[in-house]
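This is what each chain is made of:
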Amino acid sequence: MRRRATGTRTSRGTLTRAIRYLGRYRREAAMAYLALIVATLSQLAVPQLTQQILDIVSRGFQARQVLSLPAGLQALAAQQL
């Protein structure tokens, strides 16, 4: 059977102590959490921006391809886009 080292606190006691410690540094803790939220949102925005950029580039490429066709085929090709 394992024994606990003397002087260790339970997890509830440790959590309570940490919350009291953060209470003294509310502004710093709030700024740290705000920075975490901004970083998370920034990481989530990158794939969306990449998708939009690729969609715009591919639409421009397709438009150039349609415009390079003879005038009679342009209408047919534009309908298929």
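Everything quoted here is computed from the prediction, not taken from an experiment.

A. Local environment of the overall build of the chain. Along the backbone of the chain there are three helices and zero strands. Listing the helices and strands of the chain from first to last along the sequence gives α-α-α. Counting the 81 residues in the chain, one finds 4% classified as buried. By element, 62% of the accessible surface of the chain is carried by carbon and sulfur atoms, the whole surface being about 7,900 Å².

B. Region of the structure containing the packing of aromatic side chains. Scanning the entire structure with this criterion turns up one aromatic pair. Between Y21 and Y25, the aromatic rings sit 5.1 Å apart at their centres with planes inclined by 50°, giving tilted as the arrangement.

C. Broad picture of the confidence of the model for the chain. Confidence along the chain averages 84 in pLDDT terms, with 86% of residues attaining 70 or more. The least confident element of the chain, judged by mean pLDDT, is helix α3 (residues 71-80) at 80; the most confident is helix α2 (residues 26-67) at 91.

D. Representation of the environment of A77. Position of A77 among the secondary structure elements: in helix α3. For the pair A77 and Q62, spaced 15 residues apart in the sequence, the C-alpha separation amounts to 9.6 Å. Beyond its immediate stretch of four places on either side in the chain, A77 contacts V66 and L69.

E. Region of interest: a nonpolar patch on the surface. Side chains of Y21, L22, Y25, Y33 and L36 sit close together on the surface and give an oily, nonpolar patch of about 550 Å² of accessible area. Those elements giving two or more residues to the nonpolar patch turn out to be α1 (11-24) and α2. Note on placement: Y21 falls in helix α1.

So, how was this worked out
Residue positions are given per chain, counted from 1 along the sequence in the order it is written. Only residues with pLDDT of at least 70 are given local features in this predicted model, and only at 80 or more are side-chain atom pairs given and counted; all residues enter the totals for whole chains, interfaces and linings. Here the side-chain values reflect all heavy atoms present in the structure, with hydrogen atoms and water set aside. Every helix listed is a DSSP run of H or I at least four residues long, and every strand listed is a run of E at least two residues long, numbered separately from the N terminus. Burial status follows relative accessibility: with a 1.4 Å probe on protein chains alone, a residue under 20% of its type maximum counts as buried, one over 50% as exposed, and anything between as partly exposed. Per-residue accessibility takes into account occlusion by the displayed protein chains alone, with areas from the Shrake-Rupley method and a 1.4 Å probe. Between the rings of Phe, Tyr and Trp (Trp by its six-membered ring), a pair exists once the centres lie within 6.5 Å; its type follows the angle of the planes, with under 30 degrees stacked, over 60 edge-to-face, and the other angles tilted. Scored from 0 to 100, pLDDT records how confident the predictor is in each individual residue. Throughout, a residue-residue contact means that at least one pair of heavy atoms, one from each residue, lies within 4.5 Å. Note that patches include only residues with greater than 30% relative accessible area and no salt bridge, and the join distances are 9 Å for like charges and 5 Å for nonpolar side chains (Val, Leu, Ile, Met, Phe, Trp, Tyr). Salt bridge, as used here: a side-chain nitrogen of Lys or Arg that lies within 4 Å of a carboxyl oxygen of Asp or Glu.

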